[in-house]
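Fold and contact review
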Amino acid sequence: MNNPFLQVESLNLTLGKFSLRNINMSCQKGEYHVLLGPTGSGKSSLMKCILGFHRINNGFLYLKGMDISNELPECRRMGYVPQNYALFPHINVEDNIRFGHQVKKKSFQDTDTIVNRLCEILKIQKLRKRAIQHLSGGEKQKVALARALAIQPDILLLDEPFSSIDEGAKRNLWIELKEIINEVGITALHITHNLEEAYTMGERLSVLMNGELLQSGSKREILESPKNEDVARFLNYKNIFQGITEKDPRGTRVNIGHFNVLISKKISTGKKIKLCIRQQDIKIIRKGVPIKDSLKHNVFSGKIISLLQLPEYCLMHFKVDGSPKQHDLELKFPRYILERHNLYQGKQINVAPWEPNIILFSNSISP
Amino acid sequence: MNRVFNFIMWATASLLIFSFIFLLASMLVELWKGWAFSSPKLGEIGFAIKLSLLTATISSIFAMLVSVPVSYLFSRHTFFGKNVLDTLLDLPIVLSPIALGAMLLIFFNTPLGKQIGQYIGPFVFEVKGIILAQFFVVVGLSVRLLRTTFEGIDTEYENLARTLGYNQLQVFFKVVLPMAGKGILSSFLLVWGKAIGEFGATVTLAGATTMKTETIPVAIYLSFESANVTSALVYITILIAISLSILFIVRSFKVPYHE
């Protein structure tokens, strides 16, 4: 693997009662990296450290292999798009884009060519003479992006760039922004608390919670193998159980109390273990239809407790027969399943988790 | 209940506004009647206006020059003893101007004050004293007003300019000052208006000498002293006209950029 383009190494920062602790993270050249975390997790503080606005207590920051930990923000060559875009209201769109070229002691080959090309890529030629106050949220975002890219930075940092955009317009803009950044071919670090935004845009994700970087990896790695319960809960995964491993010739049986889950991985008996069955990985079993191998060892019989029909999918709460709980499993499936299986509240059905997708939290296995 | 509440609010507001209108109207009527008996000395009036405008302009410019860096510092940084220093800077706003003038008078009787007087020239009973007195009376206000202006500018603009290659000094001149422009101008006008109307500290430090340290408020005082009511009314009318003009201009400015 190549040397990381941006590397955060053992970074620590204390801000009053809040602290970032031992942050290690890296971005490869040309990668679109999303830093994901709930509000107050320290994402913006970490970004401000990378930009040079917070002086780190200890640790290192490397950009293109150079130590930039003590560099001033104006020397770091980083393009920044803040949450509120911070477009200068006293100058028009074009002057905002040119702003980085007007600083003394800085020479750019051809400002006009750069500005024209950015306006073309971002499709904002018509806005060039417009006042900032007369721009929509999406237009402001594009101007802020053009201004950040105009200085030809080494890396682009985007702090919740969609937070002030209408919910309906966001999805198109995610795709549009990703396409623009791909076209420009710049390394980007984007922070957000929005899972869909992170899934759509990120090639690699890092999950930051409560000042600690819990996991960093490819999108697939994070989605399919969250490292621990906290990451899984943040990813909105339900059906997290703790159980004791028992011997089984087919793998390992995890005794959760009122039902067992069979996993193919061999784990020694008597271990405490935490596992997660994602809502979308539980299938409804049709009576009289042969059951697939990955499902047949974990078929649970029970009752539909509630059905929630949302515009894009359905959520079901399911109670395993004999369980003392109000409900045991949450299922998520497309709306057409509702009619195909004639599902209704109170109906007795069989469900089964897709065994290969059952997530075992490795750090939860007791020694 | 709502009607009673609304009535109380409207009635109180009306009463207050009418009392102001009544005060102004009675003054104008008196001025109209008095003008027929004794016309005021135009030379003296001109001198007072010129002196007031000159001293207020100089003291306000100095106050702004000092207040811009101080208020920017207080709006952007946290440091040990900030609250104590902040309170100290607010002192001229609440302190009686006469007390402030007396403090200045005492200072110029100390060895250091005398030394300063020797180098720069005397302040006591001089025009320079008027400027100094006005400066100390208005500087607290200008710091307070400018701090509100700077605090209204999101620091993210400054951060962003830094990422574009601007150092702190360049950020201040290229981003902060242009964005604070309207706030600075309206603060200057309010401070200038307060300096024009300043009396207590001025009279204590610079005295009340006709055609020497006779600003408009001092002229009002001297006119009443010599029972020349018409002359006093002329000065009061001029002062009101200046004050109202300033207030109208300040109100016409939009609030600086807030996000």
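Residues numbered from 1 in each chain as written. Chains lettered and ligands numbered in written order. Predicted model: local features only at pLDDT ≥ 70, side-chain atom pairs only at ≥ 80, totals over all residues.

Re the overall build of chain B
Using the following cut-off: A helix here means a DSSP run of H or I that spans at least four residues, while a strand means a run of E at least two residues long, and both kinds are numbered starting from the N terminus. Here the contact rule is simple: place C-beta atoms from the backbone, and any two residues whose C-beta atoms are within 7 Å are in contact.
Counting secondary structure elements, chain B contains 11 helices and 0 strands. Written out in order from the N terminus, the α and β elements of chain B read α-α-α-α-α-α-α-α-α-α-α. With the principal axes as the frame, chain B shows a C-alpha extent of 70 × 65 × 30 Å. Long-range contacts, defined here as pairs at least 24 residues apart, represent 79% of the contacts in chain B between residues at least 6 apart.

Observations regarding the interface of chain B and chain A
With 17 residues of chain B in contact, the opposing surface of chain A contributes 18 residues. Looking at the side of chain B that touches chain A, the elements with two or more residues in it are helix H7 (155-163) and helix H8 (168-196) of chain B. Per element, the largest residue contribution to the side of chain B that touches chain A is 6 residues, and it comes from H7(B).

Some thoughts on the confidence of the model for chain B
Threshold: pLDDT is defined as a per-residue confidence score from the predictor, taking values between 0 and 100.
For chain B, per-residue confidence averages 90 on the pLDDT scale, and 95% of positions sit at 70 or higher. Our summary of model confidence lists the complex with pTM equal to 0.83 and ipTM equal to 0.85.

With respect to the sheet that holds strand E15 (residues 282-285) of chain A
All names here are of chain A. Threshold: One requirement defines pairing of two strands: DSSP has to find at least two bridges between them. Fitting a line to C-alpha atoms yields each axis, with helices limited to the stretch in contact; the angle taken between N-to-C directions then spans 0 to 180 degrees.
An order of E15-E19-E16-E17-E18 is seen for the 5 strands of this open sheet, with the pairing classed as antiparallel. Only two strands of the sheet have a single partner each, and these edge strands are E15 and strand E18 (329-333). Across the sheet, the mean angle separating the axes of adjacent strands is 45° when strand polarity is ignored. Bridging between strand E17 (residues 314-320) and E18 involves 5 bridges; their strand directions are antiparallel. Each residue of the ladder has a partner; that of Phe-318, found in E18, is Leu-329.

What about helix H4 (residues 97-107) of chain B?
Basically, it comes down to this: Around each residue's C-beta, the other C-beta atoms within 10 Å are counted; 20 or more make the residue buried, 12 or fewer make it exposed, and counts in between make it partly exposed. All C-beta atoms are placed from the backbone. Working note: the arc is built from the helix axis to C-beta atom directions.
If you check which residues of H4(B) are buried, you get B:Pro97, B:Leu100, B:Gly101 and B:Leu104. Angular distribution of buried residues about the axis of H4(B) spans 100°; they occupy a single face of the element.

What about the packing of H4(B) against helix H6 (residues 127-151) of chain B?
Residue and element names in this part refer to chain B. Put simply, the rule reads: Working rule for angles: under 35 degrees goes down as roughly parallel, over 145 as roughly antiparallel, 65 to 115 as roughly perpendicular, anything else as oblique. The hand of a helix crossing depends on one turn: near helix anticlockwise from the far one by less than a right angle means left-handed, and clockwise means right-handed.
Contact geometry for H4 and H6: axes closest at 10 Å, N-to-C directions at 130°. On the basis of their axis angle, the class for H4 and H6 is oblique. Note that H4 runs across H6; the crossing there is right-handed. Each of Pro-97, Leu-100, Gly-101 and Leu-104 in H4 lies in contact with H6, whose residues at this interface are Leu-132, Ala-133, Phe-136 and Val-137.

Quick word on the pairing of strand E16 (residues 300-309) of chain A
Residue and element names in this part refer to chain A. As paired strands, E16 and strand E19 (residues 348-353) are joined by 4 bridges and run antiparallel to one another. Of the residues in E19, the one forming a bridge with Gly-302 is Ile-349. Examined bridge by bridge, E16 and E17 share 7 bridges and lie antiparallel to one another. Looking at the pairing, Gln-309 lines up with Cys-314 of E17. Hairpin geometry of E16 and E17 is characterised by an intervening segment of 4 residues between the two adjacent antiparallel strands.

Observations regarding the packing of helix H10 (residues 216-225) of chain B against helix H11 (residues 229-252) of chain B
Residues and elements named next belong to chain B. Put simply, the test is: Polarity classes work like this: nonpolar for Ala, Val, Leu, Ile, Met, Phe, Trp, Tyr, Cys and Pro, charged for Asp, Glu, Lys and Arg, and polar for all others, with Gly in that last group.
Contact geometry for H10 and H11: axes closest at 8 Å, N-to-C directions at 160°. In terms of their interaxial angle, H10 and H11 are classed as roughly antiparallel. For the crossing formed where H10 meets H11, the hand is left-handed. Contact residues: Ile-216, Ala-219, Ile-220, Ser-223 and Phe-224 in H10; Ser-231, Ala-232, Tyr-235, Ile-236, Ile-238 and Leu-239 in H11. For the contact of H10 with H11, the class distribution of residues is 9 nonpolar, 2 polar and no charged.

Here's the deal with the domain arrangement of chain B
Residues and elements named next belong to chain B. Operational definition: The split into domains, and so the bounds of each, comes from an automatic or database assignment of domains.
Its domain assignment divides chain B into domain 1 (1-37) and domain 2 (40-252). In this complex, domain 1 contributes 6 residues to the contact, which on the side of domain 2 involves 6 residues. Its residues assigned to classes, the side of domain 1 that touches domain 2 comprises 4 nonpolar, 1 polar and 1 charged.

Considerations on unusual backbone geometry
Residues and elements named next belong to chain A. A positive phi angle, near 55°, is found at Arg-77, a position not held by glycine. Mapped onto the secondary structure, Arg-77 falls in the loop between strand E5 (66-67) and strand E6 (78-81). With a phi close to 40°, Glu-160 is a non-glycine residue in the positive phi region. For Glu-160, the location among the structural elements is in the loop between strand E7 (155-159) and helix H5 (167-184).

As for the sheet that holds strand E11 (residues 240-248) of chain A
Residue and element names in this part refer to chain A. Spatially, 5 strands are ordered E13-E12-E11-E14-E20 in an open sheet, and the strand pairing comes out antiparallel. Single-partner strands in this sheet number two, and they are strand E13 (260-263) and strand E20 (359-360). Where E11 and strand E14 (residues 272-276) come together, 5 bridges link them in antiparallel fashion. Residue Gln-242 lies in a different strand from E14, and its bridge partner there is Lys-274.

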